[in-house]
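Secondary and tertiary structure notes
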Amino acid sequence: MSMPILQKENIVLHAQVESKTEAIRLAGQILVNNGYVDDSYIDKMFEREALTSTYMGNFVAIPHGTEDAKQFVKHSGISIVQIPDGVDFGDGNIAKLLIGIAGKNNEHLEILSKIAIVCSEEENVETMIKAATEEEILRLLNEVN
C-alpha cells in the first residue's frame, strides 16, 4: 500500500519549541505517528545532525536520518513543522520551517530536489512560514506526492 509522501496530518502549524533538539524530535515524531518510520529513525536524525547541521539557509532546516537509517523507513514521507518564532539551529541560524524527510531506498534524493526547487523561491518559504492552514503548505509542496 502506497502512502502519500505529504498529507495534512504531517503538518504542524504554530509549533512552540525551546530547542533544535525539540524541533527535530517533533519533525521525526510526526513521521513515526503517521506510520512512515520506526521510532529508531529519530535517533538517526540526531546522528545526522551531529555530523553536520541540516540548516539550509532562508529559515529552512531539513532534518533527516543518516545513510544507514533507511532500514527504519517504512514509507517515504515528509513532515512540516512551522515555527513562527524560530528556533536556533546553531551559529545564529534561525529555522522557522523544518521539513523532516524519510526516503525509502533512494527516494530521499528525489524528494529533496523537489523541496529544494520550492524552497529556492524566498516567497514560497515566506508563505509556508506564515501559512494559517495546512492546505496553503500542501498547495506549495504538491509536487512531492
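Before any of the text, the structure's been laid out above.
Just so it is clear, the structure is predicted and the values come from calculations on it, not from any experiment.

Reading guide: rules and limits
- Every chain begins its residue count from 1, and numbering advances along the sequence as written.
- In view of the model being predicted, local features appear only for residues whose pLDDT reaches at least 70, and side-chain atom pairs are presented and counted only at 80 or more, with totals across whole chains, interfaces and linings using the full set of residues.
- In computing side-chain values, all of the structure's heavy atoms are included and hydrogens and water are not.
- Secondary structure elements follow DSSP: runs of H or I of four or more residues count as helices, runs of E of two or more count as strands, with numbering from the N terminus.
- Radius of gyration: over C-alpha atoms. The globule rule applied is 2.2 Å multiplied by the number of residues raised to the 0.38 power.
- Exposed residues in this analysis have more than 50% of their type's maximum accessible area, buried residues have under 20%, and partly exposed residues fall in between, with area computed by a 1.4 Å probe over protein chains only.
- Strands pair, by our definition, only if DSSP identifies at least two bridges between them.
- The salt bridge definition used is simple: a Lys or Arg side-chain nitrogen within 4 Å of an Asp or Glu carboxyl oxygen.
- In this description, a nonpolar core means a group of buried Ala, Val, Leu, Ile, Met, Phe, Trp, Tyr and Cys residues linked to one another through side-chain atoms lying within 4.5 Å.
- Any two residues whose heavy atoms approach within 4.5 Å at even a single point are treated as in contact.
- Only Phe, Tyr and Trp rings take part, Trp by its six-membered ring, and two of them pair if their centres are within 6.5 Å. Stacked means planes under 30 degrees apart, edge-to-face means over 60, and tilted covers everything else.
- Only Lys NZ and Arg CZ are tested; either one counts as a charge over a ring when it is within 6 Å of the ring centre and within 35 degrees of the ring normal.
- The span one expects for a helix is its residue count, reduced by one, times 1.5 Å.
- Throughout, the arc means that of the directions going from the helix axis to the C-beta atoms.

Let us now look at the overall build of the protein. The number of helices and strands found in the protein is five helices and five strands. Mapped from its N terminus to its C terminus, the protein presents α and β elements in the order β-α-α-β-β-β-β-α-α-α. Against the compact-globule benchmark of 15 Å for 145 residues, the protein has a radius of gyration of 14 Å, which places it among compact chains. Dimensions of the protein along its principal axes, counting C-alpha atoms only, are 35 × 30 × 25 Å. In the protein, buried positions account for 47% of the 145 residues.

Moving on to the sheet that holds strand β2 (residues 55-57). Taking strand neighbours across the sheet as the criterion, the five strands line up as β1-β4-β5-β3-β2 in an open arrangement whose pairing is mixed. Because the sheet does not close on itself, it has two edges, and the strands there are β1 (11-12) and β2. Across two bridges, strand β3 (residues 60-61) lies against strand β5 (residues 94-102) in parallel orientation. Paired with V60 across the strands is L97, a residue of β5.

A separate point is the pairing of strand β4 (residues 77-88). On a regular strand, each side chain points to the face opposite its neighbour's, so the side chains alternate between the two faces of the sheet. By the criterion of burial, β4 is predominantly enclosed, with nine of the 12 residues buried. One ladder, built from two bridges, connects β1 with β4; its direction is parallel. Its bridge partner being in β4, I11 is matched across the sheet by I80. As judged from the eight bridges shared by β4 and β5, these two strands associate in the antiparallel manner. From the neighbouring strand, V81 faces β5, where its bridge partner is L98. Hairpin connection, β4 to β5: the antiparallel pair is bridged by five residues, and G90 has positive phi, about 100°.

With that settled, the discussion passes to the pattern of salt bridges. Summed over the entire model, instances satisfying the criterion amount to eight salt bridges. Residues joined by salt bridges that share partners form a network here, namely K44, E47 and D68.

With 26 residues, the main nonpolar core has V37, Y41, I83, F89 and L98 as its most contacted residues. Within the residue set of this core, elements represented by two or more residues are α1 (20-33), α2 (40-51), β4 and β5. With sequence-adjacent residues up to four places away left out, F89 is seen in contact with K20, I24, E49, S53, T54, Y55, A61, A95 and L98. Membership of the second largest hydrophobic core comes to 22 residues, among which are L6, L13, I80 and L97.

Aromatic ring pairs are reported here in terms of the distance separating the ring centres and the angle at which the planes meet. A complete count under the given rule lists one aromatic pair for this structure. For the pair Y55 and F89, a centre-to-centre distance of 6.5 Å together with 40° between the ring planes defines the contact as tilted. Residue Y55 is located in strand β2, and its partner F89 is located in the loop between β4 and β5; the two are separated by 34 residues in the primary sequence. Across the pair, F89 and Y55 agree in class, each one buried. For K96, the ring lying beneath its charged end belongs to F59, and the centroid distance is 4.9 Å.

Turning next to helix α3 (residues 107-119). In an α-helix, one turn spans 3.6 residues; hence positions three or four apart end up facing the same way. With 13 residues, α3 extends 18 Å from end C-alpha to end C-alpha; this agrees with the ideal 18 Å at 1.5 Å per step. Turning to α3, its buried residues are H108, I111, I115, V118 and C119. An end-on view of α3 places all buried positions within 90° of arc, on one side of the element. For α3, the exposed residues set more than 90 degrees away from the buried face come down to L109 and I117. At its buried positions, α3 is contacted by β3, β4, β5, α4 (122-130) and α5 (134-140).

By themselves, these observations are geometric and do not establish any function.
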